[in-house]
Amino acid sequence: HGYNTIHVCPNNCILFRKNYAAHDVCPVCSASRWKDKDGRKKIPEKVLRHFPLIPRLKRMFASKEISELAQWHKLKRNAVENELSHPADGEAWKAFDTKYAWFAQDARNIRLGLATDGFNPFGKMNSSYSMWPVFLIPYNFPPWECMEQSNFIMGLLIPGPLCPGKDFDVFLEPLIEELLDLWKGVPTLDALTDKSFDLHAAVIWCIHDYPALSTLSGRVTRGYYACVRCDKDPCSRRIRNKICYIGHRRFLPRDHPWRKKKWFDGKDEECDKPEEFISDELKQQLERVMDVRPGMHPQNKKRKRGENGQCWKLRSSLWDLPHWSSLKLRHNLDVMHIEKNICEYILGTFLGIAGKTKDTINGRLDLEDMGIRKNLQLKRDGNSYSVPHAPYVLNKTQKLAFCEFLRSVKFQDGYASNLASCISVDGCNLQGLKTHDCHILLQRILPAAVRGILHKDIYEAISELGNFFKKLCAKTLKIDVLHRMKDEIPIILCKLERIFAPPFFDVMLHLAIHL
């Protein structure tokens with residue numbers, strides 16, 4: 001049939017299925033299921049489209065070619081020592097195989113990744129509408145097949161007009177039920193052997209941008225506990241008008257000389273790097289939010305602001321999956337999303353773009369509060385104050401030279417979009433950059449564009465940051481290079497801390513240390 005339509009309570013309390021299939025009114029909030037008051041026309045207020053997963057996974061094994069591809073990760077993949085070229089080379093995959101040896105024994109068992117994000121189906125005609133497709137990606141295939149669009153499996157199409165937020169679990173209900181059945185095993189005919197076998201499948205991680213990570217996982221991604229990897233004693237710090245993430249010296253070795261320097265925040269750094277929760281602590285965190293229910297549930301309790309150290313706002317239904325609590329990596333960080341944000345911070349600050357620059361008056365006052373970089377602090381001039389020019393902000397001539405360089409850059413067909421079209425009429429600004437544009441700019445263009453325009457320290461720090469992301473996004477990763485990068489990124493962020501004001505360092509820049 002393609003998909004099943006499931007009616008939803010207008011307030012996202014329940015799905016009208018199973019015991020509620022015949023109900024005309026939501027049993028939780030008493031809202032009508034239908035758009036017309038008397039319900040004669042039977043036009044539903046909200047509809048979830050569920051694309052059954054099990055039939056499509058079984059259909060994969062109806063083809064000899066796809067059945068063979070589904071076993072590639074175990075039977076044909078040539079693992080190279082010190083190299084990562086497929087998810088099966090990663091620690092998370094290997095840890096899953098070790099824990100569930102029975103699952104790993106049959107190469108036909110499917111490992112899935114779950115991805116979701118909001119989009120506007122009306123383009124720019126209606127900017128307030130947001131639909132959420134949920135995709136499943138089978139990782140058994142070779143790398144060149146994994147990311148083929150034809151192999152993406154749409155599981156759900158969640159209706160708008162608003163982001164589902166804490167009600168996401170309501171919409172996941174039919175998919176979770178299918179995943180529970182797949183964990184137990186589903187009888188399937190394999191065309192390659194012409195024999196029946198029990199097909200198992202499991203979601204081994206999720207990947208999405210940072211706001212969607214919060215929506216799907218139930219983890220807080222704002223405020224003092226915005227970093228999903230720093231559970232205890234995070235790097236967050238309150239400054240004049242926001243919470244910033246500075247203090248990356250904590251990730252340096254104990255004997256590193258920079259720990260004793262006052263350049264960064266006027267103090268020595270004695271703390272170790274933040275820790276993650278152990279399994280018992282994580283269990284306690286989730287137990288505290290067990291009362292949170294979707295929709296307008298009368299038993300819903302608002303989480304008190306006074307609960308110090310509470311990092312979870314709800315318990316996601318993904319925890320109902322038997323293997324979920326033992327996974328090494330549940331939610332990936334989206335590198336492209338992080339790159340886009342960092343690139344926008346850098347460009348906004350370099351070009352002094354109103355509303356995007358991080359070089360603000362409050363930022364200068366933060367420097368004064370910390371007692372550092374007196375040459376950048378506000379200067380009293382009679383009854384007024386003057387703002388000294390920062391070395392990381394381009395003047396008019398430098399902006400023109402920078403934008404002219406971007407205009408002159410030529411790419412191969414399909415490598416990147418035309419950056420010249422993003423330069424403003426006055427030639428001093430950039431606008432309308434897409435995620436892939438920022439990806440190319442940060443890794444390839446920015447280091448070359450600012451060389452000779454900005455001070456050597458600034459150029460080198462930006463160049464090292466771009467090189468870090470360039471290595472991270474390589475087609476094949478070397479494990480020894482990754483270990484070296486893990487040691488290098490705290491030094492790069494510390495160099496940036498010496499250059500930019502504290503407001504520059506929000507959680508997106510901090511997340512680079514966990515990639």
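Details of the structure are given in the entry above.
Below is a summary of the structure that appears in this document. The numbering scheme is per chain: residues are counted from 1 as the chain's sequence reads. For a predicted model such as this one, the threshold for reporting local features is a pLDDT of at least 70, and the threshold for listing and counting side-chain atom pairs is 80 or more; totals across whole chains, interfaces and linings nevertheless cover every residue. Side-chain figures throughout are based on the complete set of non-hydrogen atoms in the structure, without hydrogens or water.

**Some details on the state of the cysteines**
Disulfide: a pair of cysteine sulfur atoms within 2.5 Å of each other. Inspection of the entire model under this criterion finds 0 disulfides. Cys-235 provides the cysteine sulfur closest to Cys-494, a residue in no disulfide bond, and the two sulfurs are 9.8 Å apart. The cut-offs for exposure are 20% and 50% of the maximum accessible area for each residue type, with area from a 1.4 Å probe on protein chains only; residues under the lower value are buried, those over the upper are exposed, and the others partly exposed. In this structure Cys-494 comes out as buried when scored by relative accessible area, which is 0%.

**Some remarks on the packing of aromatic side chains**
Describing an aromatic ring pair means giving the distance of the ring centres and the angle of the ring planes. Between the rings of Phe, Tyr and Trp (Trp by its six-membered ring), a pair exists once the centres lie within 6.5 Å; its type follows the angle of the planes, with under 30 degrees stacked, over 60 edge-to-face, and the other angles tilted. Enumeration according to the criterion identifies 23 aromatic pairs in this entry. Here Trp-72 and Trp-144 contribute two aromatic rings whose centre-to-centre distance is 5.7 Å and whose plane-to-plane angle is 75°, an arrangement assigned as edge-to-face. Of this pair, Trp-72 sits in helix α3 (residues 72-75) while Trp-144 sits in helix α6 (residues 143-146), and the two are 72 residues apart along the sequence. Classification of Trp-144 by relative accessible area gives exposed; the value is 57%. Put simply, the rings of Tyr-345, Phe-350, Tyr-392, Phe-500, Phe-504 and Phe-505 pair up and form one aromatic cluster. Two conditions define a charge located above a ring, namely a distance within 6 Å from the ring centre to NZ of Lys or CZ of Arg, and an angle within 35 degrees of the ring normal. Over the ring of Phe-197 we find Arg-108; its NZ or CZ atom is 3.9 Å from the centre of that ring. In this text, helices come from DSSP runs of H or I with a minimum length of four residues, and strands from runs of E with a minimum of two, each type numbered from the N-terminal end.

**Re the nonpolar core**
Within soluble globular proteins, side chains that are nonpolar tend to cluster in buried spots. As used in this record, nonpolar core signifies buried Ala, Val, Leu, Ile, Met, Phe, Trp, Tyr and Cys residues forming a set joined through side-chain atoms within 4.5 Å. Counting residues in each nonpolar core, the largest one holds 74 residues, and the members touching the most others are Phe-350, Tyr-392 and Phe-402. The contact criterion used throughout is that any non-hydrogen atoms of two residues lie within 4.5 Å. Residues within four places of Phe-350 in sequence aside, it is in contact with Tyr-392, Val-393, Leu-394, Val-450, Leu-454, Ile-458, Ile-462 and Phe-500. The next biggest cluster of nonpolar side chains, apart from the first, holds 62 residues, and it includes Ile-6, Ala-88, Leu-179 and Leu-327.

**Side note on the pairing of strand β9 (residues 201-208)**
Of all 8 residues that make up β9, 7 are buried, and the element is covered over most of its length. In terms of strand pairing, strand β4 (residues 110-116) meets β9 through 5 bridges, oriented parallel. Considered in β9, the bridge of Ile-110 is made with Ala-201. Here, strands pair whenever DSSP counts at least two bridges between them. Sheet analysis places β9 next to strand β12 (residues 331-333), joined by 3 bridges and oriented parallel. The partner of Cys-206 across the bridge, within β12, is His-331.

**So, the sheet that holds β9**
Strands sit in the order β1-β2-β6-β5-β4-β9-β12 across an open sheet of 7 strands; the sheet is mixed. Looking at strand neighbours, the two that pair on one side only are β1 (4-8) and β12, the edges of this open sheet. On average, adjacent strands in this sheet sit at an angle of 25° to one another, irrespective of strand direction. Throughout, an axis means a line fitted to C-alpha atoms (over the contacting stretch in the case of helices), and angles, computed between N-to-C directions, take values from 0 to 180 degrees.

**Structural notes on the pattern of salt bridges**
Opposite charge on two side chains permits pairing when their charged atoms draw close. What counts as a salt bridge is simple: a side-chain nitrogen of Lys or Arg found within 4 Å of a carboxyl oxygen of Asp or Glu. All told, the structure shown has 29 salt bridges when counted by the stated rule. Note that Glu-68 and Lys-76 form a salt bridge whose closest N and O atoms lie 2.8 Å from each other. Glu-68 sits in the partly exposed class, given a relative accessible area of 37%. A relative accessible area of 47% places Lys-76 in the partly exposed class. Between Asp-268 and Lys-262 there is a salt bridge; the shortest N-O distance is 2.9 Å. Taking the relative accessible area as the measure of exposure, Lys-262 reaches 46% and is therefore partly exposed.

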